[in-house]
Structures are given as C-alpha cells and as structure tokens.
Amino acid sequence: MVRPPLTARMRRIFRLADAPPWAGPAIVALGLVAAVLEGAGLFLFIPLIESLGAMAEPNRWKPLFDYLLSPIPEHYRTAILVAMVCASIVLKIAVNLVNTWVTRYVDGLVAHQLRCRVFDQTISSCIDYRVESKRADIVTTIANNTWKLSQGLSLCYRLIICACTFVVFIALMLAISMSLTLLSLLFIALAALAIRFATRRAAATGKAVVEENKQFGLRMWESINSLQLIRAFAREGYESQRLRQVSDRVRQRLLRLDMLWAAPGPVSEMSIALMIGVLILAAERTGTSIAALAAFLSLLYRLQGPVRELLQSKIALDGIGAAIDDVDNFLRATDTPFLSSGNLPAR
C-alpha cells in the first residue's frame, strides 16, 4: 500500500477533526510570535557582545544598532540590552504557555466531538455490526483511535509552527552570514536524509500497532463475554496465555514505534555538534566577527529544537496514519443512517 503524501494526510486530519475555525490560525499565530521573540532575543547578542568590549567590526547591521542605541547612555547600554534579551525570553515563555493551553483545549474538544460522532453513527447506522464488524474493533476505534486523531491534529499544528520557526531563524541567520547559513542548510539536509532512512518503517509499524490493538481488544471482549464457559471447562490458563501473547506483541510494536520516534534526537544532536565545529573553522576563514558568530551559533543551536520537532512530528504522523485511516473508514462505513419510521401505521 502506497503511503499518502504528508499534505494529503494533513488535509484528511483537518477534515476529520473539524476543529473550531479560530483554532488553527490562533495556534499558528502564537507559535510564530514566540519564534519571532526568540529570534529577536538571540539577534540582540550581536550588540550585547560588542558592548562588552568585543571588537565591533563593520557590518550591515552596525549602523542600525548604533542608531537604535544612540539615545541610551553608553554606561547603561549593556544593562538595557540584557534587560531586552530577558524580556524577549519572558514574553516568549508567556506566549508558549498560552499556546500550550489553547492547543490542549482544542485537543480535548476535538477528541470529545469525534468520540460522540463515532458513537452516534454507531448506534444510528443501518449496518448490522454482528456481520460487518467486530464489536471489539468499534470499542478500539472509539476509545483509542479518536484520541490518536486529535493528537494528529496537534502534530499538524506543530509541523506548521516548526516550519514557520525554521523560516524565521534561517532569515536571521542569512542576515548575519549567507555562506555560513548555506553550509548549515547542507548539514541539516544530510541529517534529515539520514533520519528519513532510519525511520522509513514508521508507517508500517504504526499500522501493525493498530492491528495488534484490535486483536488485544478482541481477546479481552471474547474472554469477558465467555467467563462462565471458560470456568466451566477450566480454560483459565489457556485464555490467560493467549491474552499475554497478544499483549506482548502490542508491547513490542509500541517499543519499536517509540524508538523510531526517538531517532531524530540523537542524529540531530550529532549533526549539530559536527556542524558547529565546521562553522567555527569556516567563520575564521571568512572573517566573521566574534559577536556575529556568537549570535549565529546561538540561532543555530536554538534551531535544533524546531528541526527535531519537525522530523519527529512527521514520523509520528506516519506512525498514527493507520489509526487515522481506521477512524476515516469507520465514519464512511457508518454514514448511512438507520431508516426511521415512515408515515404508514404498523399492522
């Protein structure tokens, strides 16, 4: 089975989630504001380090900084710059807290609405589930996969926010040094390819997790409904062993999926460490000032988080793709309501 592209999967999640119209723009806007505040605070490292006595070499931003800082007495300049950096950090933290609350609120609302929708279609559909579907599968869809779809919506928002943060940071890095930025992008692209190769089985593993969860639910359902029969024939040990085997398969699949999700962290950290060493050598050759290099490396270090989240969110979306397909297929299959009573009296 061919995996749908990322944009198609995101469109499906947005369609199924049916979040409030204000949710997406608000969450993305708050994430973008936080990225701008963090980038601006790191960019202020250039005049801050120069105010501490570093050699202020001519650059395109020096006239702007001199103009903006000219009203401030020179003996207060360092303190004011430190206060501005701290203020940007505090504002970024406040915006992130608001964004976290809004995201969690939307997650819970979407999961609640989706559970109710699946349940309503279950009890009102014309499909006979004794023939068309196992009751344990319905419980799994309502109890587990609806939550995973709401998590998928959060991942979509994180993808958009991380992409915007990436653009903001790269723009600031380009403003400092184009050659160092291009070299950094080359390292980031190579790291992304390595992570993609290492996590190429995420979608298949996520599909296997969904199937194993359904088998686990089926075993539980059958055992609970057959308790008297099991005790009558003294089959407790056999049924317990069957459930243990299915549960262990779920555990192994989830462990494999968790390791795939964790892969971007170590790979990105190793690439960043190697990249910083190469960039320091390159900056020495290009004559980049110490202040500009410090600001550039600070931006690059902070860029590690959004890049890692971007890759992890993509892998996580691949991992829950089967759960999203399950909810979508279930809603499509139960979309035909049960025929209500007509105008003719019963005889």
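Residues numbered from 1 in each chain as written. Predicted model: local features only at pLDDT ≥ 70, side-chain atom pairs only at ≥ 80, totals over all residues. Heavy atoms only, no water.

**Regarding the overall build of the chain**
A count of helices and strands for the chain gives 14 helices and zero strands. The linear arrangement of helices and strands in the chain, starting from the amino end, is α-α-α-α-α-α-α-α-α-α-α-α-α-α. Of all 347 residues assigned to the chain, the portion counted as buried reaches 42%. Once local pairs closer than 6 in sequence are excluded, the contacts in the chain between residues at least 24 apart make up 89%. (Helix = DSSP H or I, 4+ residues; strand = E, 2+ residues; numbered from the N terminus. Buried < 20%, exposed > 50% of the residue type's maximum accessible area, 1.4 Å probe, protein only. Contact = heavy atoms within 4.5 Å.)

**Some remarks on helix α13 (residues 290–319)**
The end-to-end C-alpha distance of α13, which contains 30 residues, comes to 43 Å, matching closely the 44 Å that a straight helix rising 1.5 Å per residue would cover. For α13, the tally of buried residues reaches 21 of 30 residues, placing the bulk of the element in the interior. (Expected span 1.5 Å × (residues − 1).)

**What to know about the side chain of Thr-103**
One can find Thr-103 in helix α5 (residues 74–124). Discounting residues that sit within four places of it in the chain, Thr-103 has contacts with Ile-27 and Ser-154.

**What about the environment of Ala-87?**
Relative to the helices and strands, Ala-87 is located in helix α5. The partly exposed category is assigned to Ala-87, whose relative accessible area is 37%. On a C-alpha basis, the gap between Ala-87 and Leu-37 in space is 9.2 Å, while along the polypeptide they are 50 residues apart.

**What about unusual backbone geometry?**
Notably, Asp-18 is not glycine yet its phi reads approximately 50 degrees, a positive angle. Asp-18 gets classed as exposed once you look at its relative accessible area, which sits at 55%.

**Observations concerning the state of the cysteines**
Tallied over the entire structure, the rule returns zero disulfides. The thiol sulfur of Cys-162 is not disulfide-bonded, and the nearest other cysteine sulfur, from Cys-164, lies at 9.3 Å. (Disulfide = S-S within 2.5 Å.)

**Details of the layout of surface pockets**
Volume-wise, the largest pocket comes out at about 540 Å³. Of all the elements in the fold, those that place two or more residues in the lining of the largest pocket are α2 (23–43), α5, α7 (135–176) and α13. When residues in the lining of the largest pocket are grouped by element, the largest group, eight residues, is from α7. Along the lines of polarity and charge, the residues of the lining of the largest pocket split into eight nonpolar, nine polar and seven charged. (1 Å grid on protein atoms, 1.4 Å probe; cavity = no way out; pocket = protein on both sides within 12 Å on 5 of 7 lines; lining within 4 Å. Points joined across faces, edges and corners; volume = space filled by probe spheres on them. Nonpolar A, V, L, I, M, F, W, Y, C, P; charged D, E, K, R; others polar.)

**Some details on the confidence of the model for the chain**
Caution is warranted with low-pLDDT regions, since their predicted coordinates should not be read in detail. For the chain, per-residue confidence averages 75 on the pLDDT scale, and 77% of positions sit at 70 or higher. Per-element mean pLDDT across the chain ranges from 44 in helix α6 (residues 129–132) up to 87 in α2. Confidence drops under pLDDT 50 across residues 129–133; counting only partners more than four residues distant or on other chains, this segment forms eight contacts. (pLDDT = per-residue confidence, 0-100.)

**Considerations on the packing of aromatic side chains**
In total, this model carries three aromatic pairs according to the counting rule given. Ring centres 6.4 Å apart and planes at 25 degrees place the aromatic pair Trp-22 and Tyr-105 in the stacked group. Taken together, the positions of Trp-22 in the loop between α1 (6–17) and α2 and Tyr-105 in helix α5 put the pair 83 residues apart, joining distant regions of the chain. Between Trp-101 and Tyr-105, the aromatic rings sit 5.5 Å apart at their centres with planes inclined by 10 degrees, giving stacked as the arrangement. With Trp-101 and Tyr-105 both in helix α5 and four residues apart, the pair spans about one turn of that helix. A relative accessible area of 59% means that Trp-101 is categorised as exposed. On the basis of relative accessibility, which here comes to 41%, the residue Tyr-105 falls in the partly exposed class. Here the aromatic cluster, defined as three or more aromatic residues joined through ring pairs, consists of Trp-22, Trp-101 and Tyr-105. (Phe/Tyr/Trp six-rings, centres within 6.5 Å; stacked < 30°, edge-to-face > 60°.)

**Section: the pattern of salt bridges**
What the rule picks out here adds up to five salt bridges. For Arg-12, the salt bridge is made with Asp-328, and the minimal N-O distance between the two is 3.3 Å. You can see Arg-12 sitting in helix α1 and its partner Asp-328 sitting in helix α14 (residues 321–333), a full 316 residues away along the chain. On the basis of relative accessibility, which here comes to 28%, the residue Arg-12 falls in the partly exposed class. Between Arg-302 and Glu-38 there is a salt bridge whose closest N-O contact spans 2.3 Å. Linking Arg-302 in helix α13 with Glu-38 in helix α2, this pair joins segments that are 264 residues apart in sequence. Overall, the relative accessible area of 16% leaves Glu-38 in the buried class. Counted as one network, the salt bridges with shared partners bring together Arg-12, Arg-15 and Asp-328. (Salt bridge = Lys/Arg side-chain N within 4 Å of Asp/Glu carboxyl O.)

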